[in-house]
Amino acid sequence: MKNFIFKKNLLLKKGIKHFSYWLAFILFFTFIWGSYDFNYSRNFMIQVFSLPSRAVLVYVTIYILYPKFLIKKKYARFILFYIITLIFSSVVIQRTIFIYIIQPTYLLDFTNSRFFEITEIMNTILDVNIALMVPLGYQLYADWNKVFEKVVELEKKYSATFIHNNFIYLKVEKTLEKIFLKDIIFIESLKNYIKVKTINGEVIAYKSISTIENELPSNKFLRVHRSFIISIDFIKSFSPNRILLQGITIPIGRKYKQKVKENLGYF
């Protein structure tokens, strides 16, 4: 029973979201076209009668073409079937409604045009296509966000699980890369990313320097600057203003001098 109620509420929320989008779409273009001839009621009805073609394009693309082709990276097939759907929606549905309903009812002063007049067909295709921009953009963002959240969740899980085993997983592009703590020389902040310099090279990972600082063992790593965390094991020499690691000089920030002094015990 609870599962049924949950599904019912979910469908209701989805229905409200879809209705809100189409209502906003109709009102927006009613205002745009109505501001041209100041006949808002006529433009409202034209937008209402234009809904079937737009709805066919949007729902076929989002619920059939998108999951079947675009997500699976079958781009050529997606483009082919999208063009077919767009032409069908524009020519078969929209042009039919326009010629036989909209034009004789709401556009009496409009010059009659042939059904397959190329300029009118192109205008119709562009007009119908506009309805897909927001839903497709939203769908792309929602799916990207789901993948991003899963990667972040896995990253946190693996970081928490394996940090005590002397290695950590970092998100590198779309994968999690295993980095041994003993190989890390220093970590540099690159805004929303970090550059992890190791004895084998360097890795650019999506993570803030503050987050990685909290995950690393404090007896092995030291924050010496707002942009740098160093491995204590790789320190060759140091002074009040800088630290030398494997031939690389790292500055010591004014804010971190006392902490560095307490940990390294100089002057």
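Quick notes on the rules
- Residues numbered from 1 in each chain as written.
- Predicted model: local features only at pLDDT ≥ 70, side-chain atom pairs only at ≥ 80, totals over all residues.
- Heavy atoms only, no water.
- Pairing = 2+ DSSP bridges.
- Helix = DSSP H or I, 4+ residues; strand = E, 2+ residues; numbered from the N terminus.
- Axes fitted to C-alpha atoms, helices over the stretch in contact; angles between N-to-C directions.
- Patch = residues over 30% accessible without salt bridge, like charges linked within 9 Å, V, L, I, M, F, W, Y side chains within 5 Å.
- Areas by Shrake-Rupley, 256 points an atom, 1.4 Å probe, with all protein chains shown as cover.
- Salt bridge = Lys/Arg side-chain N within 4 Å of Asp/Glu carboxyl O.
- Lys, Arg positive; Asp, Glu negative; His and termini not counted.
- Charge placed at Lys NZ, Arg CZ, Asp CG, Glu CD.
- Buried < 20%, exposed > 50% of the residue type's maximum accessible area, 1.4 Å probe, protein only.
- Arc of directions from axis to C-beta.

Asks: Before we go on, may I ask you to explain the sheet that holds strand 7 (residues 228-231) in this structure?
Replies: Sheet strands pair via backbone hydrogen bonds, and the direction of the pair is either parallel or antiparallel. With antiparallel pairing, the 5 strands of this open sheet are ordered in space as 5-4-3-7-6. Strand pairing shows two members of the sheet lacking a second neighbour, strand 5 (201-206) and strand 6 (221-225), which therefore form its edges. Between one strand axis and the next, the sheet turns through 20° on average, direction left out of account. Pairing analysis gives 6 bridges linking strand 3 (residues 184-190) to strand 4 (residues 193-198), with the strands arranged antiparallel. Following the sheet pairing, Glu188 is matched in strand 4 by Lys195.

Asks: Please explain the sheet that holds strand 8 (residues 235-238) as it appears in this structure.
Replies: Sheet architecture is open: 3 strands sit in the order 8-9-10, paired in antiparallel fashion. The sheet is open, and its two edges are formed by strand 8 and strand 10 (248-251), each paired on a single side. Looking at each pair of strands side by side, their axes are set apart by 25° on average, direction ignored. Sheet analysis places strand 9 (residues 242-245) next to strand 10, joined by 4 bridges and oriented antiparallel. Bridge pairing in strand 10 places Ile243 opposite Ile250.

Asks: What's the story with a positive patch on the surface in this structure? I'm lost.
Replies: Judged by side-chain charge, Lys14, Lys17, Lys146 and Lys150 come together as a positively charged surface patch. The set of elements that each furnish at least two residues to the positive patch consists of helix 1 (2-37) and helix 5 (118-162). You can see Lys17 is positioned in helix 1.

Asks: Mind showing me how you'd approach unusual backbone geometry here?
Replies: Generally, phi is negative for residues other than glycine and the peptide bonds are trans, each holding for most cases. A positive phi angle, near 65°, is found at Lys73, a position not held by glycine. Its place among the elements puts Lys73 in the loop between helix 3 (51-70) and helix 4 (75-106). Residue Lys73 is classed as exposed on the basis of its relative accessible area, which comes to 56%. The residue Lys191 is not glycine, and still its phi comes out positive at about 60°. Among the secondary structure elements, Lys191 is positioned in the loop between strand 3 and strand 4. Under the relative-accessibility criterion, Lys191 is labelled exposed at 77%.

Asks: Before we go on, may I ask you to explain helix 2 (residues 40-49) in this structure?
Replies: An α-helix turns once every 3.6 residues. As a result, residues three or four positions apart point the same way. Looking at helix 2, one finds that the buried residues are Asn43, Ile46 and Gln47. The arc that holds the buried residues of helix 2, viewed along the axis, is 100°, so those residues lie on one side.

Interpretation note: all reported values are geometric properties and have no functional meaning in isolation.
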